[in-house]
Amino acid sequence: MVRLFSSLRQPGRAWIGVLAVMLIASLAGIFTLPVMDRDEARFAQATAQMLETRDFVRISFLDEDRNKKPVGIHWIQLATVSAGEAISGALENRQIWAWRLASTLGAVLAVLGTLALGNRLLGHPAGLYAGVLLGASVLLGVESGIAKTDAMLAGLTVWALYALMRLRTGPPETARRWAIALWVLMALGALVKGPVTPMAVALAAIGLALWEQRWNWLRPLAFWPGPVLAALILLPWLISVQIATDGDFLREALGDDLGPKLVTGHESHGGLPGYHILLLSFLFFPAILFLPAGLRAGISAIHSSSEHAMAARMLIVMSIPFWIVFELLPTKLPHYVLPAYPALAIFAAWGLIEWRSTPALWRWLGAGLMIVAGLVLGAILFGLSHQYDGPVMLASLLAALLIAAAIGAVVLAARSKAGAAVACAVVAGLVWQAAGRGIIAPATSLSPSRDAAALIHAQGWLAPDVALVSSYTEPSLAFALRSDIALMDTEGLAATASDFSAEQLVIVDLSRLPATDSPERERADSFVAALRTGACAIGEVAGFNYSRGRATSLLIARTGDCTPFQEPGQP
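No experiment lies behind these values; they were computed from the predicted model shown.

A. Structural context of the overall build of the chain. Of the regular secondary structure elements, the chain holds 23 helices and seven strands. At 26 Å, the chain has a C-alpha radius of gyration in line with the 25 Å of a compact globule built from 571 residues. Taking the principal axes of the C-alpha coordinates as reference, the chain spans close to 85 × 55 × 50 Å. Within the chain, contacts between residues at least 6 apart in sequence are counted, and of these 74% link residues at least 24 apart. Charged side chains of the chain number 40 positive and 40 negative; the gap between the two group centres comes to 17 Å.

B. Region of interest: helix α11 (residues 225–244). The end-to-end C-alpha distance of α11 is 29 Å, a good match for the 28 Å that 20 residues give at a rise of 1.5 Å each. The sharpest bend along α11 comes to roughly 35°, located at Leu 234, with the proline Pro 236 sitting one to four residues further on. Inspection of α11 places Pro 225, Gly 226, Ala 230, Trp 237 and Val 241 among the buried residues, and these make up the whole buried set. Directly beyond the C-terminal end of α11, a positive phi value near 55° is found at Asp 246.

C. Here's a closer look at the pairing of strand β3 (residues 467–470). Here β3 pairs with strand β5 (residues 504–509) via four bridges, running parallel. Among the inter-strand pairings, Val 469 is bridged to a residue of β5, identified as Val 506. Where β3 meets strand β4 (residues 486–487), two bridges bridge the pair, whose relative direction is parallel. The residue bridging Ser 470 from the neighbouring strand is Leu 487, located in β4.

D. Just the sheet that holds β5, in detail. With respect to topology, five strands assemble into an open sheet ordered β4-β3-β5-β7-β6, the strand pairing being mixed. Here the strands that pair on one side only, and so sit at the sheet edges, are β4 and β6 (537–545). Taken strand by strand, helix α20 (residues 448–459) contacts β5, β6 and β7 (550–559), and its axis lies near 160° from that of β6.

E. Inspection of the pattern of salt bridges at higher detail. With the rule as written, the count across this model stands at 18 salt bridges. As a salt-bridge pair, Asp 65 and Arg 58 come within 2.7 Å of each other at their nearest N and O atoms. For Asp 65, a relative accessible area of 29% translates into the label partly exposed. The partly exposed category is assigned to Arg 58, whose relative accessible area is 27%. A salt bridge links Asp 525 to Arg 521; the nearest nitrogen and oxygen atoms lie 3.0 Å apart. Placement of the pair is Asp 525 and Arg 521 together in helix α23 (residues 519–534), with a separation of four residues, close to one helical turn.

F. Structural detail: the nonpolar core. Ranked by internal contacts, the top residues of the largest apolar core, which has 130 residues, are Leu 182, Phe 284, Phe 285, Leu 289, Phe 290, Tyr 341 and Met 370. Setting aside anything within four residues of it in sequence, one finds Phe 285 in contact with Ala 136, Ser 137, Val 138, Leu 280, Met 370, Ala 373, Gly 374, Leu 377, Leu 402, Ala 406, Ala 428 and Gly 429. One finds Ala 44, Val 71, Ile 96 and Trp 237 within the second-largest nonpolar core, a separate group that totals 25 residues.

Thresholds applied
- Residues numbered from 1 in each chain as written.
- Predicted model: local features only at pLDDT ≥ 70, side-chain atom pairs only at ≥ 80, totals over all residues.
- Heavy atoms only, no water.
- Helix = DSSP H or I, 4+ residues; strand = E, 2+ residues; numbered from the N terminus.
- Rg over C-alpha atoms; globule rule 2.2 N^0.38 Å.
- Contact = heavy atoms within 4.5 Å.
- Lys, Arg positive; Asp, Glu negative; His and termini not counted.
- Charge placed at Lys NZ, Arg CZ, Asp CG, Glu CD.
- Expected span 1.5 Å × (residues − 1).
- Bend = angle between axes of the 7 residues up to and from the residue.
- Buried < 20%, exposed > 50% of the residue type's maximum accessible area, 1.4 Å probe, protein only.
- Pairing = 2+ DSSP bridges.
- Axes fitted to C-alpha atoms, helices over the stretch in contact; angles between N-to-C directions.
- Salt bridge = Lys/Arg side-chain N within 4 Å of Asp/Glu carboxyl O.
- Core = buried A, V, L, I, M, F, W, Y, C linked by side-chain atoms within 4.5 Å.

Below is the structure:
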């Protein structure tokens with residue numbers, strides 16, 4: 001591994017190593033990990049319904065408009081799912097890997113953009129180190145294998161920041177070209193996740209201009225083709241969706257989704273300032289080993305007359321203001337700060353390069369954070385397997401390997417073996433991705449939807465004309481079964497599915513029955529008892545609903561004619 005990594009230090013080969021690390025991290029679990037609740041399942045189901053209805057403007061989850069995020073990621077998923085459908089029937093068979101490929105593409109853009117940005121600011125091999133460390137990082141690796149917006153957002157944002165850097169540091173004759181590229185990338189980022197990419201660019205541009213007391217380099221942004229192209233990217237869909245939803249899209253996206261996040265911990269996702277800093281050691285693992293040294297190098301360069309003073313200013317304005325905004329916002333989720341990770345990865349690469357000359361305090365800080373994060377992540381692998389019926393012995397071995405690789409990276413860094421240290425750190429990150437997402441999590445009891453769908457399809461209970469109703473309301477169940485499923489509470493289910501002679505499949509979440517000693521519970525118990533005796537076939541699936549933090553048991557009942565239905569493609 002070390003010898004291979006050393007061969008990739010040649011400038012012309014660096015992109016191969018960065019791409020390889022990112023693909024390994026992303027593809028670990030992309031085929032084996034069941035669809036995740038709730039965001040991934042909602043994004044994937046909305047894209048599936050676009051393909052089924054041929055309506056590529058409205059975003060819907062089952063029978064409701066999903067007016068929360070723009071359409072960009074769904075259009076990218078349309079392309080990957082259409083390719084997957086042609087290859088293996090990905091849409092018909094609900095093969096989630098086809099949806100996840102859009103995020104893999106975004107992650108690839110992110111690491112290649114980090115490679116380009118690092119090399120431009122600090123020279124080779126800084127870009128190589130930054131790219132592989134970012135590619136092996138826990139947060140980007142996880143987001144690269146989940147079918148939602150954040151990996152693609154990170155990819156588009158880092159390239160937008162790269163364009164901003166070229167606008168500031170390039171010759172005047174190229175300024176207009178980079179200004180146009182920046183407008184296009186901001187528009188694409190906005191089409192994926194609203195204001196985040198434009199905000200990241202604005203914070204960096206304004207911060208740098210204020211710092212340097214220079215504004216004239218921003219003038220090319222007023223060159224008319226840039227704003228016009230951005231408008232042509234955004235406005236056709238925005239106008240169309242406003243018309244299609246009678247004006248509800250912007251009202252709900254801004255008033256019901258974005259607005260509450262700015263003033264309160266929306267949907268129980270609150271947190272105090274410092275939330276993202278506390279998680280950084282674990283989510284930025286294994287690059288966290290070199291980050292303190294890199295920040296020290298950047299701080300030193302600011303006050304020097306070296307050519308790296310500009311690099312330090314650029315990296316600071318690309319990461320710190322953005323980070324502060326999300327630390328101050330009351331709504332917090334770990335992935336919110338992911339667009340700042342490329343700049344932090346370049347700082348980490350800088351720390352690796354300057355490791356020998358870095359004061360011991362900063363090196364020991366990085367080493368301590370690395371070891372603590374490795375121990376915690378290893379414990380998570382073991383605990384996940386032990387708690388939820390996974391392969392405990394295999395989990396223990398993989399956890400030990402992860403911890404050993406983390407300690408090995410610390411030891412090699414202490415001996416100033418930069419190439420070996422970064423290679424060992426990357427191995428630690430890839431072990432986490434392969435073990436957690438690829439092996440341990442898929443083998444646990446954390447996916448009742450997957451297990452319920454497997455039972456239903458194996459028994460042939462779901463013919464096209466069978467009605468499908470469920471009080472297990474997790475979006476993953478809709479994705480696993482069919483878009484016309486009706487999700488409701490137990491009382492609604494009892495009222496809807498009371499005719500046991502009808503052709504229907506009824507799924508009852510036994511963990512969500514009304515409270516005991518209540519009239520509602522008596523009616524629910526009576527319905528479940530009648531269903532058990534009136535159905536022509538019964539099955540039951542147990543598991544853990546991690547979205548609600550509770551064990552669950554799903555009663556699956558087929559009513560009407562239980563003659564097994566042979567699905568297309570079955571022998």
